[in-house]
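The chain contents come next:
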Amino acid sequence: MNVTSTAAPTFTYEEKTPHYSCSMRENTPVRGADDTSNSHTSASSSTKPRIRSIDIAKAIAMFAIISGHFGIVSINNVVYGFHVPLFFIVSGYFFSTKRAFSSSIVQKLRQLMIPYMIVGLVYIPVLTAVLLLQHSDKQTIVANISKIPLALLYGAGVPVHSPAVLPQIGLLWFLPALCFAFLLVRIALEARHTVLLIVLYFMIGWISMLFFHAPLSIQPALMGTFFIYIGYKARQYNLFNKRAPLWLIVLMMCLCLSCISSGIFVNIVNGQISLGPLSILHALCFSYLIIRLCQWIDLHNNMLAQFLQWCGKGSLIMMCFHGISDYCFPGYLLQDFLMNWGLSHAIATAILIFLNMVWAVIGIIIVTHSKPLAVLFSATRLEKFSHALSVKRFNA
């Protein structure tokens, strides 16, 4: 593998170059590191209660995103059906228009764009260290490092070939995309024809990516507005708290299984929708079923629910730490090392995926034990939540 490449891991359906790669239960009013909008509020209280199953859904979406970065077709056929749409949906679930628009802009820039820039700059020393450990020559190091500032400024999640050939920034594309998607949805909600504008956003983002990639992932943001709006309306109509008929659940499951077996997917980062409206319906049904699964976990497995809730509150941190490892660390070296010990390719890949998940979870621990990082990721309350969980386990 060429060490000068910084593109994302190979995925069968997209053009990428390889590189290093039930009822809802309300919880205490704790805001997580990835809460980029106001939480659910009630008229009787100024607190912002959390719904644990939604945090669990964020964690599952994040683990699915991680597992989809290793080019395993069977895994990608599953996770590319829901992971990014689900993340947009659950982010939209807590979307609020109570804050003034100008204040919302400042809030989103603070919560998403500042971590985006800082974590992107962290790529430089980390990748330099990795290349030095590989005994790369000076020319190779300079060639790889020089791509990062340009990739960070352009903010594309895939290699760009039009309007110019530009490197990608990897998983961090989601941060500016989510930031702009929130602001675009806010504009749409204040417009007269909200639904029409949301559909127009989606179509512009989707069609324009057939020809070029705009800076800062604005086109994925345009597509993401649709899913954020779905999450916003789901909360407004309490859809996730209403019991769906069994026949509808079975129908959704059959649709999702059929789409998985047929390789039908939605890949927002590069605007790939394999089968048009059916792909969108698949993403919505799959996301709904995942949320129902999260409600079941919330009610029947408290220990697992607490862990996933903690991960969900720190999903922005997990995304950033995985972005660092995915961009900078040559995972194929570890995979080759494990295979040289006699492990099969499948087992070596499973270990690699698991270690990437563990690293992302360790990222939450690192941030919650560092005051400056907790401030950067708006994770001071996540730090208190982590401490509360530790005290609860100790007392138990």
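Residues numbered from 1 in each chain as written. Predicted model: local features only at pLDDT ≥ 70, side-chain atom pairs only at ≥ 80, totals over all residues. Heavy atoms only, no water.

**A look at the overall build of the protein chain**
When you go through the protein chain residue by residue, the secondary structure sums to 17 helices and four strands. Looking at the protein chain as a whole, 56% of its 396 residues qualify as buried. Accessible surface, the protein chain as shown: approximately 17000 Å² in total, 70% of it carbon and sulfur. (Helix = DSSP H or I, 4+ residues; strand = E, 2+ residues; numbered from the N terminus. Buried < 20%, exposed > 50% of the residue type's maximum accessible area, 1.4 Å probe, protein only. Areas by Shrake-Rupley, 256 points an atom, 1.4 Å probe, with all protein chains shown as cover.)

**A look at the pattern of salt bridges**
Enumeration over the complete set of coordinates arrives at three salt bridges. Of the charged contacts in the structure, one is a salt bridge between Arg-52 and Asp-298, with a shortest N-O distance of 2.6 Å. Placement of Arg-52 in helix α1 (residues 52-67) and of Asp-298 in helix α11 (residues 277-300) is noted, with a sequence separation of 246 residues between them. Here Arg-186 makes a salt bridge to Glu-190, at a shortest N to O gap of 2.8 Å. Looking at Glu-190, the relative accessible area reads 53%, which means it is exposed. (Salt bridge = Lys/Arg side-chain N within 4 Å of Asp/Glu carboxyl O.)

**Re the packing of aromatic side chains**
As enumerated under the stated definition, the model contains 17 aromatic pairs in all. With 6.5 Å between their ring centres and 25° between their planes, Tyr-229 and Tyr-232 make a pair best called stacked. With a gap of three residues between them, Tyr-229 and Tyr-232 both fall in helix α9 (residues 218-236), about one helical turn apart. Given a relative accessible area of 12%, Tyr-232 falls into the buried group. Here the aromatic residues Phe-87, Phe-88, Trp-173 and Phe-174 are joined through ring pairs into a cluster of three or more. (Phe/Tyr/Trp six-rings, centres within 6.5 Å; stacked < 30°, edge-to-face > 60°.)

**Brief notes about the environment of Phe-307**
Along the chain, Phe-307 turns up in helix α12 (residues 302-313). Overall, Phe-307 belongs to the partly exposed group, its relative accessible area being 33%. Placed 251 residues apart in sequence, Phe-307 and Ile-56 show a C-alpha to C-alpha distance of 8.5 Å. Not counting the four nearest positions on each side in its chain, Phe-307 is found in contact with Phe-63 and Val-361. (Contact = heavy atoms within 4.5 Å.)

**A look at a nonpolar patch on the surface**
On the surface, Val-195, Val-199, Met-203, Ile-207, Leu-210, Phe-211 and Phe-212 cluster together to form a nonpolar patch covering roughly 650 Å² of accessible area. Among the secondary structure elements, Phe-212 is positioned in the loop between α8 (194-208) and α9. By relative accessible area, which is 36% here, Phe-212 ends up partly exposed. (Patch = residues over 30% accessible without salt bridge, like charges linked within 9 Å, V, L, I, M, F, W, Y side chains within 5 Å.)

**Describing the environment of His-345**
One can find His-345 in helix α15 (residues 345-368). Sequence separation of His-345 and Gln-335 is 10 residues, and the distance between their C-alpha atoms is 7.8 Å. Discounting chain neighbours no more than four positions away, the residues touching His-345 are Gln-335 and Met-339.

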